[in-house]
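Residue-level listing of the chains:
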Amino acid sequence: MNEPVYFTEQHRQFRDNLRRFVEQEIVPCAASWEEAGMVPREVIRQMGELGYLGIRYPEQYGGSGLDTVYSAILAEELGRSTYGGFAVTVTVHTDMASPHLVNFGTPEQLQRYLPALIRGEKVCAVAVTEPDAGSDVAGIRTRAVRDGDDWVINGSKMFITNGVHGDLYFVGAKTDPAAKGSRGISIFIVEKGTPGLRVGRALKKSGWLSSDTAELVFENCRIPAANLLGGENKGFYQIMRNFQNERMVIGAAAMGEAARAIEMTVDYVRERKAFGASLWDKQVIRQRLAIRAAQVEAGRALVYHAAWLDAQGRECVKEVSMVKALCGELVNKVLYDCQQFHGGFGYMREAAIERMVRDARVAAIGGGATEVMLEEVAKRL
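Rules of the game
Residues numbered from 1 in each chain as written. Predicted model: local features only at pLDDT ≥ 70, side-chain atom pairs only at ≥ 80, totals over all residues. Heavy atoms only, no water. Helix = DSSP H or I, 4+ residues; strand = E, 2+ residues; numbered from the N terminus. Buried < 20%, exposed > 50% of the residue type's maximum accessible area, 1.4 Å probe, protein only. Contact = heavy atoms within 4.5 Å. Areas by Shrake-Rupley, 256 points an atom, 1.4 Å probe, with all protein chains shown as cover. Lys, Arg positive; Asp, Glu negative; His and termini not counted. Charge placed at Lys NZ, Arg CZ, Asp CG, Glu CD. Phe/Tyr/Trp six-rings, centres within 6.5 Å; stacked < 30°, edge-to-face > 60°. Lys NZ or Arg CZ within 6 Å of the ring centre and 35° of its normal. Salt bridge = Lys/Arg side-chain N within 4 Å of Asp/Glu carboxyl O.

So, the overall build of the protein chain
- When helices and strands are tallied, the protein chain shows 11 helices and 10 strands.
- Counting only C-alpha atoms and orienting by the principal axes, one finds that the protein chain spans roughly 80 × 40 × 40 Å.
- Expressed as a percentage of its 381 residues, the buried residues of the protein chain come to 55%.
- Long-range pairs, those at least 24 residues apart, make up 73% of the contacts in the protein chain between residues at least 6 apart in sequence.
- Element-wise, carbon and sulfur atoms account for 50% of the exposed surface of the protein chain, whose accessible area totals about 16700 Å².
- On the protein chain, the mean spot of the 46 positive side-chain charges and the mean spot of the 47 negative ones are 4 Å from each other.

Structure below.
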């Protein structure tokens, strides 16, 4: 794959170092994480020590103060690992949950929580989704009621990545039940071990097996008033602000996975013999892989263009929505073809392609379903 035009020498060095880390430290071990249902905490801490968990955060808290293009590189390279569960464990921590703290935290909240998140000593999750409220954030039913110097939270959250083993949750709850639609939602910081918070159950998924996913239950969960994150009843706008980053990162990871799948499949069909020749000698296979490679190259270009726009502080809701819709669908088309060209072996659990097919499916669902994204694009046409 060609390097984006936006890349500097620093971007290349960052990418090369990260790719080397993934190849040496992640790929040889990650199969066991699929069995365990989680990424070991020492791996998260190791990534923190190497500076991968605070790429865009202020240096005063241990971050690197870099821009959005670096986040796209991180996600793409994690996607190339071929382990979607590992990739989402990290990117939820770095780009979907912790940005809520960085964007809206008070100096006291930042000092208390952010250094440990950047070092990987604590893992965070964002708890907004409910059984009846996913992309439709306005449908949140979890309630938070002020009681003196505390807030008391009641309700449940569903499909929460890092929910089983996480240490810190950024929780969306309704604080003004009389408010219409998206108004009246606030975000709260809830620490693991807070009385009234429990993991209802660990959820079993089709893919992303090395990522832990939970149903969280809040039963008279009492937290200090100081744990309100951002303004009261401003939570919907806080959630919307980070959706752009979240969706860009999902698109980048999807293109990393798709690009790696094509590389692996080209290698396989060059070696696999059928009817007296390699599969690569079949024109239909060469051309299908060629068009998929072209589409992935175009998808990557759109990802990095959206990341660059964001880094420049420019409006990019349309472009990011395009990224999420296009890349979430494309990675599934790529993996379908790659599995097809692996034949029967591609259906075996021992084949990386089989795992990647399962992992890819959710790219068109999580973080905003394709249909929701296309409506966002249509509004801006």
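A word on the environment of Lys-318
- Tracing the chain through its elements places Lys-318 in helix α9 (residues 317-341).
- Owing to a relative accessible area of 28%, Lys-318 belongs among the partly exposed residues under this scheme.
- Along the backbone, Lys-318 and Gly-163 are 155 residues apart, and their C-alpha atoms lie at a distance of 30 Å.
- Sequence-distant contacts of Lys-318, defined by excluding residues within four places in its chain, comprise Val-377 and Arg-380.

A closer look at the packing of aromatic side chains
- Scanning all chains against the criterion turns up 9 aromatic pairs.
- Ring centres of Phe-21 and Tyr-52 lie 6.0 Å apart, and the angle between their planes is 45°; this geometry places the pair in the tilted category. Of this pair, Phe-21 sits in helix α1 (residues 9-26) while Tyr-52 sits in the loop between α3 (41-49) and α4 (68-79); the two residues are 31 residues apart in sequence, bridging distant segments of the chain.
- Relative accessible area serves as the criterion here: at 6%, Tyr-52 is assigned to the buried category.
- For the pair Trp-33 and Phe-86, a centre-to-centre distance of 6.0 Å together with 50° between the ring planes defines the contact as tilted. Of this pair, Trp-33 sits in helix α2 (residues 30-36) while Phe-86 sits in helix α5 (residues 84-104), and the two are 53 residues apart along the sequence.
- In this structure an aromatic cluster arises from ring pairing among Phe-14, Phe-21, Tyr-52 and Tyr-70.
- One Lys or Arg, Arg-247, reaches over the ring of Phe-243 and ends 4.1 Å from the middle of that ring.
- For Arg-355, the ring lying beneath its charged end belongs to Tyr-83, and the centroid distance is 3.7 Å.

Things to note about the pattern of salt bridges
- Scanning all chains against the criterion turns up 24 salt bridges.
- The partner of Arg-260 in a salt bridge is Glu-263, with the nearest N and O atoms 3.0 Å apart. Taken as a pair, Arg-260 and Glu-263 lie in helix α7 (residues 235-271) at a separation of 3 residues, close to a single helical turn.
- According to the relative accessible area criterion, Arg-260 is partly exposed, its value standing at 25%.
- Judged by its relative accessible area of 28%, Glu-263 falls in the partly exposed class.
- Here Glu-354 and Arg-349 are joined by a salt bridge, their closest N and O atoms 3.1 Å apart.
- Taking relative accessible area as the criterion, Arg-349 reaches 59% and is therefore assigned exposed.

Honestly, that's just the spatial picture; any functional story needs more than this.
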